[in-house]
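Overview (structure and organization)
Below are the chains, spelled out letter by letter.
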Amino acid sequence: MPYTKVLEQLTENLQLAYRQAIDADSRLDELQKAGHGKFSYIFTADEGFSTRSNRFGPYVQELGEDFSHLRTSEPTAQGLETVVRKLGVLLQTLQAFKQQGK
């Protein structure tokens, strides 16, 4: 398969996003209990996600489903681009959230 190395790297980054999302969602729960974090969803439609949530976990789940579909079918450049774009937005947002929490 021509995209083997790319798929391996995406797997590692998706695992990283999952771990970071768990931590970020815990922090969001704390903020909400303190009366903060009053927003409807994290990402807008133009960022590629169809999920609408005020937690990161559902976005990671959507990305995982996209990635699973990509792996079970013959990966295409367009499919890879979609997953990479979503993963990039997710990781950047998680990193920014982590930095703001310090």
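Our subject is the structure listed above.
This section reports on the structure supplied with the text. These figures come from a predicted structure and were not determined experimentally.

Digging into the pattern of salt bridges
- Under the definition given, this model contains four salt bridges.
- Residues glutamate 30 and arginine 27 are paired through a salt bridge, measuring 3.5 Å at the closest nitrogen-oxygen approach. Here glutamate 30 pairs with arginine 27, and both are found in helix H1 (residues 4-33), just three residues apart, close to one helical turn.
- With a closest N to O distance of 2.4 Å, lysine 86 and aspartate 66 form a salt bridge. One end of the pair, lysine 86, is in helix H3 (residues 77-100); the other, aspartate 66, is in helix H2 (residues 57-72), and 20 residues separate them in sequence.
- Residues participating in the shared-partner salt-bridge network are Glu62, Asp66 and Lys86.

Examining the packing of aromatic side chains
- Tallying each qualifying case throughout the model produces five aromatic pairs.
- Their ring planes at 55° and their centres at 6.0 Å tell us that phenylalanine 56 and phenylalanine 97 sit as a pair that is tilted. One end of the pair, phenylalanine 56, is in the loop between H1 and H2; the other, phenylalanine 97, is in helix H3, and 41 residues separate them in sequence. We note that phenylalanine 56, like phenylalanine 97, is buried.
- An aromatic cluster is present here, built from Phe43, Phe49, Phe56, Tyr59 and Phe97 joined pairwise through their rings.

Things to note about the packing of H1 against H2
- At a closest axis distance of 9 Å, the pairing of H1 and H2 adopts a crossing angle of 165°. Regarding the angle of H1 to H2, the classification is roughly antiparallel. Crossing of H1 against H2: the hand is left-handed. Contact residues: H1 offers Leu7, Leu10, Thr11, Leu14, Ala17, Tyr18, Ala21 and Asp25, while H2 offers Gly57, Val60, Leu63, Gly64, Phe67, Leu70 and Arg71.
- Among the residues forming the contact of H1 with H2, the class breakdown is 10 nonpolar, three polar and two charged.

What about the side chain of aspartate 25?
- Along the chain, aspartate 25 falls in helix H1.
- Despite being buried, aspartate 25 has no salt bridge partner; arginine 55 is the closest side chain of opposite charge, sitting 5.0 Å away.
- Setting aside residues no more than four positions away along its own chain, aspartate 25 makes contact with Arg55, Phe56 and Gly57.

So, how was this worked out
- Residues numbered from 1 in each chain as written.
- Predicted model: local features only at pLDDT ≥ 70, side-chain atom pairs only at ≥ 80, totals over all residues.
- Heavy atoms only, no water.
- Salt bridge = Lys/Arg side-chain N within 4 Å of Asp/Glu carboxyl O.
- Helix = DSSP H or I, 4+ residues; strand = E, 2+ residues; numbered from the N terminus.
- Phe/Tyr/Trp six-rings, centres within 6.5 Å; stacked < 30°, edge-to-face > 60°.
- Buried < 20%, exposed > 50% of the residue type's maximum accessible area, 1.4 Å probe, protein only.
- Axes fitted to C-alpha atoms, helices over the stretch in contact; angles between N-to-C directions.
- Parallel < 35°, antiparallel > 145°, perpendicular 65-115°, else oblique.
- Left-handed = near helix turned anticlockwise from the far one by under 90°.
- Contact = heavy atoms within 4.5 Å.
- Nonpolar A, V, L, I, M, F, W, Y, C, P; charged D, E, K, R; others polar.
- Lys, Arg positive; Asp, Glu negative; His and termini not counted.

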